[in-house]
Amino acid sequence: MRRVLFLLALPLCLAAQSISITKGLADYQVLQRDGQNRASAEIEGKAEGADGRSVEVRLIGKGGFGWRSAGKVENGAFKASLNGIPAGGPYKVELRAGGASTAVSNVLVGDLWVLAGQSNMEGYGDLANLAPPNELVNSFDMTDVWRRAEEPLHRLVDAVDSFHQRGKPRLEGEALKAWIANRKKGTGVGLPFALEMTRRTGVPIGLLPCAHGGTSMDQWSPSLKDQGGASLYGGMLRRVRAVGGKVAGVLWYQGESDTGVKTAPLYQEKFEKFIAALRDDVGQPQLPFYFVQLGRFVNNSNPNEWNAVQEAERLIELKVPRTGMVAAVDLDLDDAIHIGTNDFKRLGKRLANLACRDLFPDVSACQSVERGPRPVSARFENGVIRVAYSGVNGSLRAPGRIAGFSLWQATGEPVAAIYKAVVDPKDPSHVLLHIQGRLPDGVVLRYGAGKDPYCNLVDAADMAAPVFGPMKLQ
């Protein structure tokens, strides 16, 4: 009888041994690297039948290491520290305690980027001609699950943070499957940016989609952070903390909802406060913050306010350190306001130009990249307005004749006077506007006036000239 009991007890003993991770590391997770190009992870989990035993960990992959002690099991639970993981991957991380083991795969160490703003960041391009996924680019999706990044990155209907459902039930089951199957829109700028950054630098990227279409600066207000996921800012902050609390930077595309008569004059102040608050809340006073100047909108309402927000965005880059702006006014649309899938790829490269230039000065593929054309002055002399730009890569250029410049009286009426616009052959960072007749006193210059202008001025790196104005003539 004793022998029978012994044989029955043995498998019961083995079955009681198990180990699992509950927090700190998951398949496809991207860990933010530190200044020494390494990362750490604080892992928590359960380990049945291993009390008092050491938890060991090993890292499989280039630059990995063998088994080492990382923690101890107490009362069926453990905390383990995984330190010194080199930038790169994908890695497989194995943990063991007693006779049990577990593993997570496709772990990367690189840079985390927050994607925030409204619909053009959320992504409304046609789901066609999509950029292929890359094993070095993952996404912390809106259900708080790490996965390989692919379009569409944003999915609001079943997001963890309740703001995204706007009071509607969170979709699940067959309803969610049907919604996904019928989706026709969803490409954005985040994935093209990440793919371009990884291509140039070799550093893995983790994306944190947080955008929501149609949202204003007031809805993104840091004053709402105590509402957690019931607010946009609180939800974004929660997600940053969920992946370790530090990120490499923020990509922002927003402003369309702030182009009203009352809201446009307040945009610059609100945006500056938003950037300052986020930097303070994540404890990164120099957090890189790159944003897109508003593009086109086929709509006639409030053109002056639309241009006012664009000008505010241009001035923010000049005023707030560690920020950068790219223009989108020359890009094609997939509907009346949303950038098209193919031109989102161009926009992603423009953002990558800024981030690459600022954050990877020692990488050859990032060297000698300027910020792109930035208007400096407009001087009228001998029948020609000379528009000077700084930050030009190579030379200014345009397909066909240069379009987008216009003159305006101080009263707001257009002045028909420009009959030719050319790049100065002697200085290709200047545009020469040839003028017919005399100009009225107080006339000002604009580029990209209105909500749906045709603008086509770029430089050799496809960095577009931004909307600007009014600019006084010298």
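Just above, that's the structure.
Read on for a plain summary of the structure. (Residues numbered from 1 in each chain as written. Predicted model: local features only at pLDDT ≥ 70, side-chain atom pairs only at ≥ 80, totals over all residues. Heavy atoms only, no water.)

**Observations regarding the packing of helix α6 (residues 267–281) against helix α7 (residues 303–319)**
Point 1. Here α6 crosses α7 at 40 degrees, and the two axes come no closer than 9 Å. Taken together, the axis directions place α6 and α7 in an arrangement best described as oblique. Our pair here, α6 against α7, has a crossing hand that is right-handed. In this structure, α6 uses Tyr267, Gln268, Phe271, Glu272 and Ile275 to contact α7, whose residues at the interface are Val309, Ala312, Glu313, Leu315, Ile316 and Lys319.
Point 2. Along the lines of polarity and charge, the residues of the contact of α6 with α7 split into 7 nonpolar, 1 polar and 3 charged. (Axes fitted to C-alpha atoms, helices over the stretch in contact; angles between N-to-C directions. Helix = DSSP H or I, 4+ residues; strand = E, 2+ residues; numbered from the N terminus. Parallel < 35°, antiparallel > 145°, perpendicular 65-115°, else oblique. Left-handed = near helix turned anticlockwise from the far one by under 90°. Contact = heavy atoms within 4.5 Å. Nonpolar A, V, L, I, M, F, W, Y, C, P; charged D, E, K, R; others polar.)

**Focus: the sheet that holds strand β20 (residues 414–415)**
Point 1. The strand order across the open sheet built from 4 strands is β20-β19-β23-β24, with neighbouring strands paired in antiparallel fashion. The open sheet has two edge strands with one neighbour each: β20 and β24 (468–472).
Point 2. Pairing analysis gives 2 bridges linking strand β19 (residues 405–408) to β20, with the strands arranged antiparallel. Paired with Trp408 across the two strands is Pro414, which belongs to β20. (Pairing = 2+ DSSP bridges.)

**What to know about the state of the cysteines**
Point 1. According to the stated counting rule, one finds 1 disulfide in the structure shown.
Point 2. A disulfide bridge connects Cys356 with Cys366, and the sulfur atoms are separated by 1.6 Å. What sets the handedness of the Cys356 and Cys366 disulfide is the S-S torsion sign, and at about -65 degrees it is left-handed. Remark: Cys366 occurs in the loop between α8 (341–359) and β17 (374–381) and Cys356 occurs in helix α8; sequence separation between them is 10 residues. With respect to class, Cys356 is no different from Cys366; both count as buried. (Disulfide = S-S within 2.5 Å. Buried < 20%, exposed > 50% of the residue type's maximum accessible area, 1.4 Å probe, protein only.)

**Concerning the nonpolar core**
Point 1. Counting 78 residues, the largest nonpolar core has Trp252 and Leu347 as its most contacted members.
Point 2. For this core, the element with the highest residue contribution is α8, accounting for 7 residues.
Point 3. Not counting residues within four places of it along the chain, the set of residues in contact with Leu347 comprises Val189, Tyr253, Val292, Val326, Ala327, Ala328, Leu331 and Ile339. (Core = buried A, V, L, I, M, F, W, Y, C linked by side-chain atoms within 4.5 Å.)

**Here we look at α7**
Point 1. Spanning 17 residues, α7 covers 24 Å between terminal C-alpha atoms, matching the ideal 24 Å at 1.5 Å per step.
Point 2. Check the buried side of α7 and you find it contacts α6, β15 (289–292), β16 (323–326), β17 and β24. (Expected span 1.5 Å × (residues − 1).)

**Notes on the environment of Arg239**
Point 1. Here Arg239 shows up in helix α5 (residues 232–242).
Point 2. C-alpha of Arg239 to C-alpha of Ala277: the two residues are 38 residues apart in sequence and 16 Å apart in space.
Point 3. Not counting the four nearest positions on each side in its chain, Arg239 is found in contact with Phe140, Asp141, Met142, Asp144, Asp161, Leu208, Pro209 and Cys210.

**Points about the side chain of Thr198**
Point 1. Inspection of the secondary structure puts Thr198 in helix α4 (residues 190–201).
Point 2. Owing to a relative accessible area of 6%, Thr198 belongs among the buried residues under this scheme.
Point 3. Filtering out sequence-adjacent residues up to four positions away, Thr198 remains in contact with Leu136, Val137, Val203, Pro204 and Ile205.

**Some remarks on the pairing of strand β7 (residues 88–97)**
Point 1. Across 5 bridges, the pairing between strand β4 (residues 54–60) and β7 is antiparallel. Note on β7: the bridge partner recorded for Arg58 is Glu94.
Point 2. Judged from the 7 bridges that link them, β7 and strand β8 (residues 100–117) form a sheet pairing that is antiparallel. Paired with Gly88 across the strands is Val109, a residue of β8.

**With respect to α5**
Point 1. Most of α5 is tucked away, with 8 of its 11 residues classed as buried.
Point 2. Along α5, the residues that are buried comprise Leu232, Tyr233, Gly234, Gly235, Met236, Leu237, Arg239 and Val240.
Point 3. In the core, the buried residues of α5 are packed alongside β8, β10 (137–140), β13 (205–209) and α6.
Point 4. By the N-cap criterion, in which a side-chain oxygen at the helix start approaches the backbone nitrogen of a residue two or three places on, α5 is capped by Ser231, the distance to Gly234 being 2.9 Å.
Point 5. Looking one or two places after α5, you find Gly244, whose phi comes out positive at around 125 degrees. (Polar contact = N/O pair within 3.5 Å; in protein donor to acceptor, adjacent residues only side chain to side chain.)

**Comments concerning unusual backbone geometry**
Point 1. Following Glu151, the chain continues to Pro152 via a peptide bond in cis, the omega torsion being -5 degrees.
Point 2. Inspection of the secondary structure assignment puts Pro152 in the loop between β11 (146–148) and α3 (173–181).
Point 3. Positive phi, close to 65 degrees, is recorded for Asn37, a residue that is not glycine.
Point 4. Note on Asn37: relative accessible area 37%, which makes it partly exposed.
Point 5. In this model, Asn75 sits at a positive phi of 55 degrees, which is unusual for a non-glycine residue.
Point 6. Mapped onto the elements of the fold, Asn75 is located in the loop between β5 (65–74) and β6 (77–86).

**With respect to the side chain of Asp141**
Point 1. Position of Asp141 relative to the elements: it lies in the loop between β10 and β11.
Point 2. Look at Asp141 and you get buried, because its relative accessible area is 9%.

**Describing the sheet that holds strand β18 (residues 384–390)**
Point 1. The antiparallel open sheet is built from 4 strands, whose spatial order is β17-β18-β22-β21. Strands at the two margins of the open sheet, each flanked by one partner only, are β17 and β21 (418–423). Across the sheet, the mean angle from the axis of one strand to that of its neighbour is 20 degrees, orientation sign disregarded.
Point 2. Sheet topology places β18 next to strand β22 (residues 430–435); 5 bridges connect them, and they run antiparallel. The partner of Ala388 across the bridge, within β22, is His430.

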